[in-house]
Amino acid sequence: MLKLENIHTSYGHIEAVRGTNLEIRKGEIVSLIGSNGAGKSTTLMTISGILRPVKGKVIFEGREIQGLSPHKIVSMGVSQVPEGRRIFPKLTVRENLEMGAYLKGKGQRAKGKGSGVKGQEARGKGEDTSRGDSRIALAEQLDHIFNLFPVLKERQKQLGGTLSGGEQQMLAIGRALMSGPELLLLDEPSLGLAPIIVIKIFKTIRELNAGGLTILLVEQNAKAALRLAHRGYVIESGRVTREGIGKELLDDPAIKRAYLGE
Amino acid sequence: MFLQQIINGLTVGGVYALIALGYTMVYGILELINFAHGEIYMIGAYLGIIFLGIFTTAGLTQYSLPLSLFLTVVLSVLFCSAYGFTVEKLAYKPLRNAPRLNPLISAIGVSIFLQNYVMLTQGATDKVFPHVLPVTTIEFSGITMTSLQIIIIVVSLLLMAGLHLFIMKTRTGKAMRAVAQDKVMASLLGIDIDRIISVTFIIGSGLAAVAGLMVAMYYGLVNYSIGYIAGIKAFTAAVLGGIGSVPGAMIGGFVLGLIESLGAGYLSSEYKDAYAFIVLILILMVKPTGLLGKSEGHKP
Ligand SMILES: Nc1ncnc2c1ncn2[C@@H]1O[C@H](COP(=O)(O)OP(=O)(O)OP(=O)(O)O)[C@@H](O)[C@H]1O
Ligand SMILES: [Mg+2]
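Conventions used here
- Residues numbered from 1 in each chain as written.
- Chains lettered and ligands numbered in written order.
- Predicted model: local features only at pLDDT ≥ 70, side-chain atom pairs only at ≥ 80, totals over all residues.
- Heavy atoms only, no water.
- Contact = heavy atoms within 4.5 Å.
- Buried area = accessible area lost by both parts, 1.4 Å probe.
- Salt bridge = Lys/Arg side-chain N within 4 Å of Asp/Glu carboxyl O.
- Polar contact = N/O pair within 3.5 Å; in protein donor to acceptor, adjacent residues only side chain to side chain.
- Helix = DSSP H or I, 4+ residues; strand = E, 2+ residues; numbered from the N terminus.
- Pairing = 2+ DSSP bridges.
- Axes fitted to C-alpha atoms, helices over the stretch in contact; angles between N-to-C directions.
- Parallel < 35°, antiparallel > 145°, perpendicular 65-115°, else oblique.
- Nonpolar A, V, L, I, M, F, W, Y, C, P; charged D, E, K, R; others polar.

Colleague: Now, about the interface of chain B and chain A: what can you tell me, with residues and values included?
Modeller: Opposite the 20 residues of chain B that make contact, chain A presents 23 residues. Summed over the three residues of chain B that lose the most area to chain A, namely Arg171, Leu188 and Leu189 of chain B, the buried surface amounts to 35% of that side. Here Arg86 of chain A makes a salt bridge to Asp182 of chain B, at a shortest N to O gap of 2.8 Å. The interface formed by chain B and chain A holds six residue pairs in polar contact (both at pLDDT 80 or more) in total. Going through the elements one at a time, α7 (171–181), α8 (183–188) and α9 (193–219) of chain B are the ones with two or more residues in the side of chain B that touches chain A. For the side of chain B that touches chain A, the element with the most residues is α7 of chain B, which contributes six residues.

Colleague: Can you break down the sheet that holds strand β4 (residues 55–60) of chain A residue by residue, with the values?
Modeller: Residues and elements named next belong to chain A. Pairing is antiparallel across the open sheet formed by four strands, whose spatial order is β2-β1-β4-β5. Edge strands, defined here as strands with exactly one partner in the open sheet, are β2 (14–24) and β5 (63–64). As judged from the two bridges shared by β4 and β5, these two strands associate in the antiparallel manner. Following the sheet pairing, Phe60 is matched in β5 by Arg63. Strands in contact with helix α1 (residues 40–47) are β1 (2–11), β2 and β4; relative to β1, the strand with the most contacts, it is inclined by about 115°.

Colleague: Go over the packing of helix α1 (residues 2–30) of chain B against α7 of chain B, please, and point to the residues and values.
Modeller: Helix packing for two helices is described by the angle between their axes and how far apart those axes are. Residues and elements named next belong to chain B. Closest axis-to-axis distance for the α1/α7 pair is 7 Å, and the angle between their directions is 55°. By the angle class used here, α1 and α7 are oblique. In this structure, α1 contributes Met25, Gly28 and Ile29 to the contact, and α7 contributes Met176, Val179 and Ala180. Its residues assigned to classes, the contact of α1 with α7 comprises five nonpolar, one polar and no charged.

So yeah, pure geometry; function would need other evidence.
See the structure below:
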């Protein structure tokens, strides 16, 4: 579904990602682990089109997407929950979610087959050109997110900035799902959250994946991430140094030492 | 006397507010003080004279005055929006990732260019706004109010209410707020940032066009340099309300208009233009974030 070929991405003269290769197949959860500054977020921002790679290709569903603008990439079905959640503090919870469905209001969506999030129907409706239908699709999608995270329904009129960290993370995930993506990029969703919330978030990730959503999960919490993932990649100073089945990596002594603190 | 000054103050205040909205919306989204914005207002005033002139020669004004006024407003707004749109594309967009000082200098350049462009094409002397609209004066208990003043106050309030609804309720309006808060996040959700920035310039310029038209009718005279003073005053209004805040610009405009006319009435009208600058200096000293402004601490 997604393939990175020899990606190099720089900030000015600093090359943060240097020659990353990575592949995600449809229906997988892939974890990308690595220490601070390894280049994980840079990789995700390159996939989403916020950063342009100096070299290399990003191929999504057979199409080269590096160099496309971020909104085009979202419209193709790639959605990102960035590091730090980035909730719009002065929009209400509901408005934050509506912004996630921004492209749907346009009436026309890029074509694409099902997705994990109420896939077929929502997407089918979104493709319709009439405004009324897109409003119905929006309401359905909102209901779906409220089912996933009931607390967001209670708080929908509250400003995003007033939510707790855990609620913000749920809102950030819900917001990213509003566009009905096929591939979800998650950047450290467990960062700074209480263990009980982390469990809830990971459970949600598993459920979304069971519903057909493909997921790329970036985590510092390597143990939990590798347990959840079908496959994993280890990134060190901008390069992928290890890859393999999640369990394999978990049992690898070198990885245990470096990332699992054992 | 007091009520009289209040009415005068609300009239100019409405105009300041309409222009101030353009400053504050652009600042909210790009953190750029668009110094060329006053020039768009000036061009709006000229376009009013030009279009009404054409309609008068063509006989449309005699045929139907409301229709020709309506067309004048629509055309001036469209043209000014096109100017605003083009200025952003040519002068600011290429500098989007440059240090902050660069687009500011570019804005000053555009301002000087537009002033000279109008001076060369329209002449350096004052132009008279055609006297097409019959002005009636209403008097009660010693206060006089012209129909034009009522129109200006009502139109400004209606436009502000309309803008407020647009920003709060529509999809594009919400996207404008989202972009103002976090551009990267907004684009990660599929919002086309360039389009939202263009919309912001188009709306701000349209409002400035209406302000220009109304002022041209109110004072009857237009000059290529009127955008300068009006621009600085509207900018002061935006700072007074808290730059970046839309309700702030509305309140700031009216407050500045009132300060000016009360100052002119009770202190001295010679210093009328100086009050705005005194206000600007005072805000910068006492409360730099303005009445409704947010502290800038969190911006990177
Ligand atoms: N905006 C920036 N400008 C310059 N350098 C940057 C910028 N963002 C990141 N870097 C550098 O690029 C490298 C990779 O950063 P990146 O954010 O991708 O790491 P990460 O793996 O996500 O780390 P973390 O786990 O701390 O989030 C780091 O050395 C970082 O200092
Ligand atoms: Mg990171």
